[in-house]
Amino acid sequence: MNKVVLLGRLTRDPEVRYSQSANPVAVARYGIAVRRQFTKQGEPDVDFFNIVSFGKAGEFAEKYFKKGQMVAIVGRLQVNTWEDAQKVKHTSVDVVVEEQHFAESRREEGVQPMSTIAPANLDEDDDMPF
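Since this is a predicted model, take the numbers as computed values, not measurements.

Draft legend 1. Region of the structure containing the nonpolar core. Counting 19 residues, the largest nonpolar core has Leu-6, Tyr-30, Ile-32, Ile-51, Phe-65 and Ile-73 as the members making the most contacts within it. The element contributing the most residues to this core is strand β3 (residues 26-35), with 5 residues. When neighbours within four sequence positions are excluded, Ile-73 is seen to be in contact with Val-4, Val-5, Leu-6, Tyr-30, Ile-32, Ile-51, Val-95, Val-97, Glu-99 and Gln-100.

Draft legend 2. Here's a closer look at the environment of Val-93. Along the chain, the position of Val-93 falls in strand β6 (residues 89-102). The contact partners of Val-93, leaving out residues within four places of it in the chain, are Asn-50, Leu-77, Gln-78 and Val-79.

Draft legend 3. Summary view of a nonpolar patch on the surface. Together, Leu-77, Val-79 and Val-93 make up a nonpolar patch on the protein surface, roughly 250 Å² of accessible area in all. You can see Val-79 is positioned in strand β5 (residues 70-83). Val-79 gets classed as exposed once you look at its relative accessible area, which sits at 57%.

Reading guide: rules and limits
- Residues numbered from 1 in each chain as written.
- Predicted model: local features only at pLDDT ≥ 70, side-chain atom pairs only at ≥ 80, totals over all residues.
- Heavy atoms only, no water.
- Core = buried A, V, L, I, M, F, W, Y, C linked by side-chain atoms within 4.5 Å.
- Buried < 20%, exposed > 50% of the residue type's maximum accessible area, 1.4 Å probe, protein only.
- Helix = DSSP H or I, 4+ residues; strand = E, 2+ residues; numbered from the N terminus.
- Contact = heavy atoms within 4.5 Å.
- Patch = residues over 30% accessible without salt bridge, like charges linked within 9 Å, V, L, I, M, F, W, Y side chains within 5 Å.
- Areas by Shrake-Rupley, 256 points an atom, 1.4 Å probe, with all protein chains shown as cover.
- Salt bridge = Lys/Arg side-chain N within 4 Å of Asp/Glu carboxyl O.

So, in structure tokens, the structure goes:
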């Protein structure tokens, strides 16, 4: 089973690009910082994760998620490996979103409240959840 649940703050605003397919799909990338529950002296107390969300969920993230906002992410780990032009091997680990949720009220951010769920599995004909 490959399942990840994270609760943290966005380290940057989501950036969306579209795939180069016949039916372009939104691909949003952003990062979150997750505080460690237990740390030893001299160790970092925060872990940083790269998040990728596709389709309507990616468009939702770009529109409503902002740097510093607390979010909850449910997804799966994906390891990507590639070589650059100089034949240097690179590896990245991303969390691919299955669900993404607001984890604090909009009032806490000083903005009017809205829906707290942004499902990752909306079809193109589905309306946004608010």
